[in-house]
Amino acid sequence: MAFHTEAPPREPDLPPYQGIALADIHVVRTVEQARAAQAALLAHDVIGFDTESKPTFVKGQSSDGPHLVQFADEHAAWLFPVGPEVAPLLPVLKAILESTHTLKVGFGLADDVKRLRAKLAIEPARVADLSKALRVPGQKHDLGAKSAVAHYFGLKLQKSKKISTTNWASPRLTDKQLQYAADDAQVALRVYRHWLALGNTLPQPKAPRPRRPAPDTPAGG
């Protein structure tokens, strides 16, 4: 795999990254909205993807997330709240996440995938974790969205811990929450497109191991 990089300016000197506009963020609450989102997203070869979960503050407590699943194309984002009324939307979420046609890209997706599998019985397919994919030889740490935006675009992505640790299970999210979640998904897509334009490629996924044929059952056994 070839790697082409550019030297980023120092972060304090970087101009701010201009995120997605509120008017282009769609909160999906009805089946009709979900189907429209599915049609728009699966028309692309690749989309941005992330999830948000309500934080836990008690030692040993495990998260019951995700509480929000977000997708983005180059122009808009679709946010699916995962609350008590999510059941009618699950077929659409499953169709998007399990699609083998559309690649889903994001940063730090290992926990997101585990939580989707555990909570919603969804097995995401064709997912690329850019935190690992964009690492260059010799790099010790995974690359985060903030570092990637600085490195590839020379811009500063605002990643407020105050927003990231808010209640993502709230039935009504604030504008800042909506923009934070939408930007997480769309930034991944934009970084990935830029990275590809520099001549990089993702490694081919490993083919699943062929199953061994079951031994013949003895006659009369």
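For the structure itself, consult the block above.
Quick look at the structure, then. (Residues numbered from 1 in each chain as written. Predicted model: local features only at pLDDT ≥ 70, side-chain atom pairs only at ≥ 80, totals over all residues. Heavy atoms only, no water.)

## As for the packing of helix H1 (residues 31-41) against helix H2 (residues 90-97)
Stated precisely, the cut-off is as follows: Convention adopted: a line fitted to C-alpha atoms gives each axis, helices being fitted over their contacting stretch, and angles between N-to-C directions are expressed from 0 to 180 degrees. Strands are runs of DSSP state E lasting at least 2 residues, helices are runs of H or I lasting at least 4, and numbering of each runs from the N terminus. In this scheme, roughly parallel covers angles under 35 degrees and roughly antiparallel covers those over 145, while 65 to 115 is roughly perpendicular and the rest are oblique. Any pair of residues with heavy atoms lying within 4.5 Å of one another is described as a contacting pair. Note that Gly is not counted as nonpolar here; it falls among the polar residues with everything else outside the nonpolar set of Ala, Val, Leu, Ile, Met, Phe, Trp, Tyr, Cys and Pro and the charged set of Asp, Glu, Lys and Arg.
As a packed pair, H1 and H2 sit with axes 9 Å apart at the nearest point and diverge in direction by 10 degrees. By the criterion of interaxial angle, the relationship of H1 to H2 is roughly parallel. On H2, the residues touching Ala34, Arg35, Gln38 and Leu41 of H1 are Val92, Ala95 and Ile96. Each residue belonging to the contact of H1 with H2 can be placed in one class, and the counts come to 5 nonpolar, 1 polar and 1 charged.

## What to know about helix H5 (residues 145-153)
Here is the rule we go by: Remark: exposure states derive from per-residue accessible area (1.4 Å probe, protein chains only) relative to the maximum for the residue type, with buried under 20%, exposed over 50%, and partly exposed in between.
Here H5 has its buried residues at Ala145, Ala148, Val149, Ala150, His151 and Tyr152. Buried positions along H5 lie against helix H7 (175-197).

## Brief notes about the pairing of strand E4 (residues 77-81)
Both faces of the sheet carry side chains from a regular strand, because those side chains alternate between them. Quick note on the threshold: Strand pairing requires that DSSP identify at least two bridges connecting the strands.
The element E4 is largely enclosed, with a buried count of 4 among its 5 residues. Two strands pair when backbone bridges link them, and strand E3 (residues 68-72) and E4 are joined in this way by 5 bridges, in the antiparallel orientation. Bridge pairing in E4 places phenylalanine 71 opposite tryptophan 78. Following E3, the chain reverses through 4 residues before pairing antiparallel with E4.

## So, unusual backbone geometry
Omega for the peptide link from glycine 65 to proline 66 comes to 10 degrees, which places this bond in the cis form. With respect to the helices and strands, the residue proline 66 is situated in the loop between strand E2 (46-52) and E3. In the Ramachandran plot, alanine 121 falls in the positive-phi region, its phi being about 55 degrees despite a non-glycine side chain. Here alanine 121 is to be found in the loop between helix H3 (110-120) and strand E6 (127-129). Even without a glycine there, the phi angle at arginine 126 is positive, about 50 degrees. Along the chain, arginine 126 falls in the loop between H3 and E6.

## Topic: the sheet that holds E3
Spatially, 6 strands are ordered E1-E4-E3-E2-E5-E6 in an open sheet, and the strand pairing comes out mixed. The open sheet terminates on both sides in strands that have one partner only, identified here as strand E1 (25-27) and E6. Going across the sheet, the axis of each strand differs from the next one's by a mean of 25 degrees, ignoring polarity. Inspection of the sheet shows strand E5 (residues 103-106) paired to E6 by 3 bridges, in the parallel sense. Paired with valine 105 across the bridge in E6 is alanine 128. Lying over the sheet, H1 contacts E1, E2, E3 and E4, oriented at roughly 140 degrees with respect to E4. Across the sheet, H2 touches E2, E3, E4 and E5, and the angle it forms with E3 is around 50 degrees.

## A look at the side chain of glutamine 177
On the secondary structure map, glutamine 177 appears in helix H7. With sequence-adjacent residues up to four places away left out, glutamine 177 is seen in contact with Ile163, Thr166, Asn167 and Trp168.

## With respect to the packing of aromatic side chains
Definition in use: The pairing test for Phe, Tyr and Trp rings, Trp by its six-membered ring, is centres within 6.5 Å, and the orientation test on the planes gives stacked under 30 degrees, edge-to-face over 60, and tilted for anything in between.
In the structure shown here, the tally under the stated rule is 4 aromatic pairs. Consider the rings of phenylalanine 49 and phenylalanine 71, whose centres lie 5.8 Å apart with planes at 20 degrees: the pair is stacked. Separated by 22 residues along the polypeptide, phenylalanine 49 in strand E2 and phenylalanine 71 in strand E3 bring together distant segments of the chain. Assessed through its relative accessible area of 0%, phenylalanine 49 is described here as buried. On the accessibility criterion, phenylalanine 71 (0% relative accessible area) is buried. Note on phenylalanine 71 and phenylalanine 80: the rings are 5.8 Å apart at their centroids and 85 degrees apart in plane angle, and the pair reads as edge-to-face. Judged by its relative accessible area of 0%, phenylalanine 80 is buried.

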